[in-house]
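Here's the letter readout for the chains.
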Amino acid sequence: DSGVTQTPKHLITATGQRVTLRCSPRSGDLSVYWYQQSLDQGLQFLIQYYNGEERAKGNILERFSAQQFPDLHSELNLSSLELGDSALYFCASSVGSSRTYEQYFGPGTRLTVT
Amino acid sequence: AQRVTQPEKLLSVFKGAPVELKCNYSYSGSPELFWYVQYSRQRLQLLLRHISRESIKGFTADLNKGETSFHLKKPFAQEEDSAMYYCALRGSQGNLIFGKGTKLSVKP
């Protein structure tokens, strides 16, 4: 599959814990975006990386962090988890970082915090 | 403020009926707008972008800057059109700003 992949598909964990979500962009894409989809907030942009560097930040909590590695995959780290962090986390990738490039979405990781 | 509003959470129509999914936006400058679709258990897919002015699966959308709208239309709905539809605006940072989505249900 040459599309955007995300692992794991589902994650169930307890409050206070820390998890890592992984995203592999499409082949050739240098830019990775993270979005959170929750029932009350809808789809919200968290953070963008381009070729290993942070490019833009959205509504990302201080308890959350991300990075993009030399092989261009990205990880989103969520710590001190709260019940309200339960959501679907999407990753998207695009060729470049400018406004003109289409973003392709992964299947998402469903996080449940109990 | 950069914002997208989709006023309808759910839209239910019969097969063959016309469909219009509403989207209004708030953006200072020249907006770039999209419609994304999410079929059951599938990932978000780009349906339309206003700059390409193309018709996909019979859907069209026209940007109306005067009314700050980008409504999605299809003259004859099909059952396979049942899905979640998200209107999105390209933000100043390049990220997408999404509306809350409209669930379209096409009944036989």
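A few points on the structure.

What counts, and at which threshold
- Residues numbered from 1 in each chain as written.
- Chains lettered and ligands numbered in written order.
- Predicted model: local features only at pLDDT ≥ 70, side-chain atom pairs only at ≥ 80, totals over all residues.
- Heavy atoms only, no water.
- Disulfide = S-S within 2.5 Å.
- Helix = DSSP H or I, 4+ residues; strand = E, 2+ residues; numbered from the N terminus.
- Buried < 20%, exposed > 50% of the residue type's maximum accessible area, 1.4 Å probe, protein only.
- Pairing = 2+ DSSP bridges.
- Axes fitted to C-alpha atoms, helices over the stretch in contact; angles between N-to-C directions.
- Contact = heavy atoms within 4.5 Å.
- Buried area = accessible area lost by both parts, 1.4 Å probe.
- Salt bridge = Lys/Arg side-chain N within 4 Å of Asp/Glu carboxyl O.
- Polar contact = N/O pair within 3.5 Å; in protein donor to acceptor, adjacent residues only side chain to side chain.
- Nonpolar A, V, L, I, M, F, W, Y, C, P; charged D, E, K, R; others polar.

Right, let's get into the state of the cysteines. Under the definition given, this model contains two disulfides over all chains. Between the sulfur atoms of Cys23(A) and its disulfide mate Cys91(A) the distance is 1.7 Å. In this structure the cystine formed by Cys23(A) and Cys91(A) twists about its S-S bond by roughly -40 degrees; its chirality is therefore left-handed. A residue pair is termed long-range when its members are at least 10 positions apart, and Cys23(A) in strand S3 (residues 19–24) and Cys91(A) in strand S9 (residues 87–94) qualify at 68 residues. Each member of the pair Cys23(A) and Cys91(A) is classed as buried. Here Cys23(B) connects covalently by a disulfide to Cys87(B), the sulfurs 2.0 Å from one another. Around the S-S axis, the bridge from Cys23(B) to Cys87(B) shows a dihedral of about -65 degrees and counts as left-handed. With a gap of 64 residues between them, Cys23(B) in the loop between strand S3 (19–21) and strand S4 (24–26) and Cys87(B) in strand S9 (residues 83–90) connect regions that are remote in the sequence. Each member of the pair, Cys23(B) as well as Cys87(B), carries the same accessibility label: buried.

Residues and elements named next belong to chain A. Sheet architecture is open: four strands sit in the order S1-S3-S8-S7, paired in antiparallel fashion. Of all strands in the sheet, those with a lone pairing partner are strand S1 (5–7) and strand S7 (64–68), marking the two edges. Strand after strand, the sheet turns through a mean of 15 degrees between neighbouring axes, direction not considered. Direction of pairing for S1 relative to S3: antiparallel, over a ladder of three bridges.

The next thing to look at is the interface of chain B and chain A. The interface of chain B with chain A comprises 19 residues on the first partner and 23 residues on the second. Across the chain B to chain A interface the summed buried area is about 1,700 Å²; carbon plus sulfur atoms make up 46%. Three residues, Arg43(B), Arg90(B) and Gln93(B), lead the burial of chain B against chain A; their summed loss comes to 32% of the area buried on that side. Our count for the contact surface shared by chain B and chain A stands at zero salt bridges. The interface formed by chain B and chain A contains eight residue pairs in polar contact (both at pLDDT 80 or more). Of all the elements in the fold, those that place two or more residues in the side of chain B that touches chain A are strand S5 (33–38), strand S6 (45–49), S9 and strand S10 (96–98) of chain B. Within the side of chain B that touches chain A, the residues separate by chemical class into seven nonpolar, seven polar and five charged.

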